[in-house]
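Take a look at the letters that make up each chain.
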Amino acid sequence: MTQQRTTASRRELTLDGRRLSYLDHGPATGRPLLALHGHLSEGASFDALAAELGPEWRVIAPDQRGHGDSDRADGYGREVYVSDLTALLDHLDPGPVVALGHSLGGINALHLAAARPSAVAALVNVDAPVDLPHQDPGPLAFLTGFPYTAPAREELIAACGPVGPMVAPLLRPLPDGGGWRLPFHPQDTLDSERQVHGDHWAPWLASDCPALVVNGRTSQALPAEQAAAMASLRPRTSLVTLETDHFVQLQDPQGFARAVREFLSTL
């Protein structure tokens, strides 16, 4: 059953002169859920989930640094991503949150839980591996040579080749009619993606709050064997497998929302 739709407000926080933009769904009295998107995405990718969860849940979905309406940043390692999230939670003071994240966002969420266990009541890891071997070239190497801006929207879409239709709805107009930009900077994204590779087992196992792993059966990022190990080796952790690839919430939004709702109902 579809829940009552929530209203999202776009707000921003200034951190060291840099804008961190975020969407705040639902009433301030709702139970807080921090939703963290992956690369090439933004906070609005969780609009459908927020609508499904309804007003009982306050879904806070930031555009992480360098994405969406948030400003570009000097670095894209775990420490600075987590610092942004900590500052946002300190600013909003919602109490302990459910930290849900897809891909990059899932890795940032588990590092947040390890660094600030009192701030995270539960984790939802959406197809984010904890052991991601370094690759050269990496999976986002196709971004090499992409323009960040173009005078015309159609020109920017065409320059992105097969990715153009995916990013088309997310393009941002530049100030004063100066053209259009992507919702991410290609080089920043490549730098960020390189820094998610590595071993994240220690922070994954460092927290003991309830957790859910949502794995796409044909995921390009999280092998089924690793997803099963993540659930079996961490206490209070369950696993749900959906008939999708890595982009779980896009390919099966209803199944994804159902899995999240059922997990939240156990908290």
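These numbers come from a predicted model, not from an experiment.

## Some points on the overall build of the chain
- What the chain contains, in helices and strands, is ten helices and 13 strands.
- Compactness check: the chain gives a C-alpha radius of gyration of 18 Å against a globular reference of 18 Å for 267 residues, within 12% of the reference.
- The C-alpha extent of the chain, read off along each of the three principal axes, is 50 × 40 × 40 Å.
- Expressed as a percentage of the 267 residues in the chain, the buried residues total 56%.
- Pairs at least 24 apart in sequence give 73% of the contacts found in the chain among residues at least 6 apart.
- Just so you have it, the chain exposes about 11700 Å², and 52% of that area is on carbon and sulfur atoms.
- Side-chain charges of the chain comprise 20 positive and 31 negative groups, with the mean position of each set lying 5 Å from the other.

## Some details on the confidence of the model for the chain
- For the chain, the mean per-residue pLDDT works out to 95, and 98% of the residues sit at or above 70.
- Across residues 1-5 the pLDDT falls below 50, and counting only partners more than four positions away or on other chains, this stretch makes ten contacts in the model.

## Some remarks on the pattern of salt bridges
- Tallying each qualifying case throughout the model produces 15 salt bridges.
- Between Asp-69 and Arg-10 there is a salt bridge, with the nearest N and O atoms lying 3.3 Å from each other. Here Asp-69, found in the loop between β4 (57-62) and α2 (78-92), pairs with Arg-10, found in strand β1 (residues 8-15); they are 59 residues apart in sequence, far enough to count as distant.
- Close ionic contact of Arg-194 with Asp-191 constitutes a salt bridge, the shortest N to O distance being 2.5 Å. Here Asp-191 and Arg-194 lie together in helix α6 (residues 186-194), a separation of three residues that amounts to about one turn.
- What you see here is one network of salt bridges that share partners, running through Arg-10, Glu-42, Asp-63, Asp-69 and Arg-172.

## Looking at helix α8 (residues 224-233)
- Residues of α8 that are buried: Gln-226, Ala-227, Met-230 and Ala-231. Buried residues of α8, viewed axially, fall in a sector of 135°; they line one side. Among the exposed residues of α8, those oriented more than 90 degrees off its buried face are Glu-225, Ser-232 and Leu-233.
- On the buried face of α8, the contacting elements are β6 (120-126), β7 (131-132), α7 (201-206), β12 (211-216) and β13 (237-242).

## Describing unusual backbone geometry
- With an omega of 5°, the peptide bond between Asp-136 and Pro-137 qualifies as cis.
- If you check the backbone angles, Asp-127 has positive phi at about 55° while not being a glycine.
- As for its position among the elements, Asp-127 is in the loop between β6 and β7.

## Focus: the sheet that holds strand β10 (residues 180-181)
- A sheet is described by the order of its strands in space; here three strands give the open sequence β8-β10-β9, paired in antiparallel fashion. Both edges of this open sheet fall to β8 (149-150) and β9 (172-173), since each of them pairs with a single strand only.
- Pairing between β9 and β10: two bridges, direction antiparallel. Its bridge partner lying in β10, Arg-172 is registered against Arg-181.

## Focus on the environment of Arg-31
- Tracing the sequence through the fold places Arg-31 in strand β3 (residues 31-36).
- Sequence spacing of Arg-31 and Arg-181 is 150 residues, and the spatial spacing of their C-alpha atoms is 35 Å.
- Arg-31 has contacts with Glu-56, Trp-57, Arg-58, Leu-264 and Leu-267, leaving out every residue within four places of it along the chain.

## Observations regarding the packing of α2 against helix α3 (residues 104-115)
- Relative to each other, α2 and α3 sit at 70°, their axes nearing to 9 Å. Our classification of the angle between α2 and α3 gives roughly perpendicular. On the side of α2, the interface is formed by Arg-78, Tyr-81, Val-82, Leu-85, Thr-86 and Leu-89, while α3 contributes Leu-104, Ile-107, Asn-108, His-111, Leu-112 and Ala-115.
- Class assignment for the residues of the contact of α2 with α3 results in eight nonpolar, three polar and one charged.

## Here's the deal with the packing of aromatic side chains
- Counting across every chain of the model gives two aromatic pairs.
- Judged by centre distance (6.1 Å) and plane angle (55°), the rings of Tyr-76 and Tyr-81 are tilted. As far as burial versus exposure is concerned, Tyr-76 and Tyr-81 are alike and both buried.
- Positioned above the aromatic ring of Trp-180 is the side chain of Arg-153, whose terminal nitrogen or guanidinium carbon lies 5.9 Å from the ring centre.
- The ring of Trp-204 carries Arg-234 above its face, with NZ or CZ at 5.1 Å from the centroid.

## Some thoughts on the sheet that holds β3
- Strand order in the open sheet formed by eight strands is β1-β2-β4-β3-β5-β6-β12-β13, with mixed pairing between adjacent strands. Strands with a single pairing partner mark the edges of an open sheet, and in this sheet they are β1 and β13. Averaged over all adjacent pairs, the angle separating strand axes in this sheet is 20°, with direction ignored.
- Sheet topology places β3 next to strand β5 (residues 97-102); four bridges connect them, and they run parallel. Bridge pairing in β5 links Leu-33 to Val-98.
- Taken strand by strand, α2 contacts β1, β2 (18-25), β3, β4 and β5, and its axis lies near 55° from that of β2.

What counts, and where the lines are drawn
- Per chain, residues are indexed from 1 in the order of the written sequence.
- Residues qualify for local features only when their pLDDT is at least 70, as the model is predicted, and side-chain atom pairs are given and counted only at 80 or more; totals for whole chains, interfaces and linings, by contrast, use all residues.
- The side-chain quantities take in all heavy atoms of the structure and omit both hydrogens and water.
- Every helix listed is a DSSP run of H or I at least four residues long, and every strand listed is a run of E at least two residues long, numbered separately from the N terminus.
- The globule rule is 2.2 Å times the number of residues to the power 0.38, and the radius of gyration it is compared with is taken over C-alpha atoms.
- For every residue, the accessible area obtained with a 1.4 Å probe (protein chains only) is divided by the maximum for its type, and the residue is called buried under 20%, exposed over 50%, and partly exposed between those limits.
- Pairs of residues are marked as contacts when any of their non-hydrogen atoms sit within 4.5 Å.
- For the area figures, the Shrake-Rupley method with a 1.4 Å probe applies, and any residue is considered shielded solely by the protein chains shown.
- In this tally, Lys and Arg are treated as positive and Asp and Glu as negative; His is ignored, and so are the chain termini.
- To locate a charge, take atom NZ for lysine, CZ for arginine, CG for aspartate or CD for glutamate.
- The pLDDT score gives, residue by residue, the confidence of the prediction method on a 0 to 100 scale.
- Just to be clear on terms, a salt bridge is a Lys or Arg side-chain nitrogen sitting within 4 Å of an Asp or Glu carboxyl oxygen.
- Directions drawn from the helix axis to the C-beta atoms are what define this arc.
- Here the rule is simple: two strands pair whenever DSSP picks up at least two bridges between them.
- Note on definitions: angles span 0 to 180 degrees between N-to-C directions of axes, and those axes are lines fitted to C-alpha atoms, for helices only across the stretch in contact.
- Here is the rule for angles: anything less than 35 degrees is roughly parallel, anything more than 145 is roughly antiparallel, 65 through 115 is roughly perpendicular, and the remaining ranges are oblique.
- Under this grouping Gly is polar, as are all residues other than the nonpolar Ala, Val, Leu, Ile, Met, Phe, Trp, Tyr, Cys and Pro and the charged Asp, Glu, Lys and Arg.
- Here a pair means two rings of Phe, Tyr or Trp (six-membered ring of Trp) with centres within 6.5 Å. Their orientation is stacked below 30 degrees between planes, edge-to-face above 60, and tilted elsewhere.
- Placement of a positive charge over a ring is assigned whenever Lys NZ or Arg CZ falls within 6 Å of the ring centre and within 35 degrees of the normal to the ring plane.

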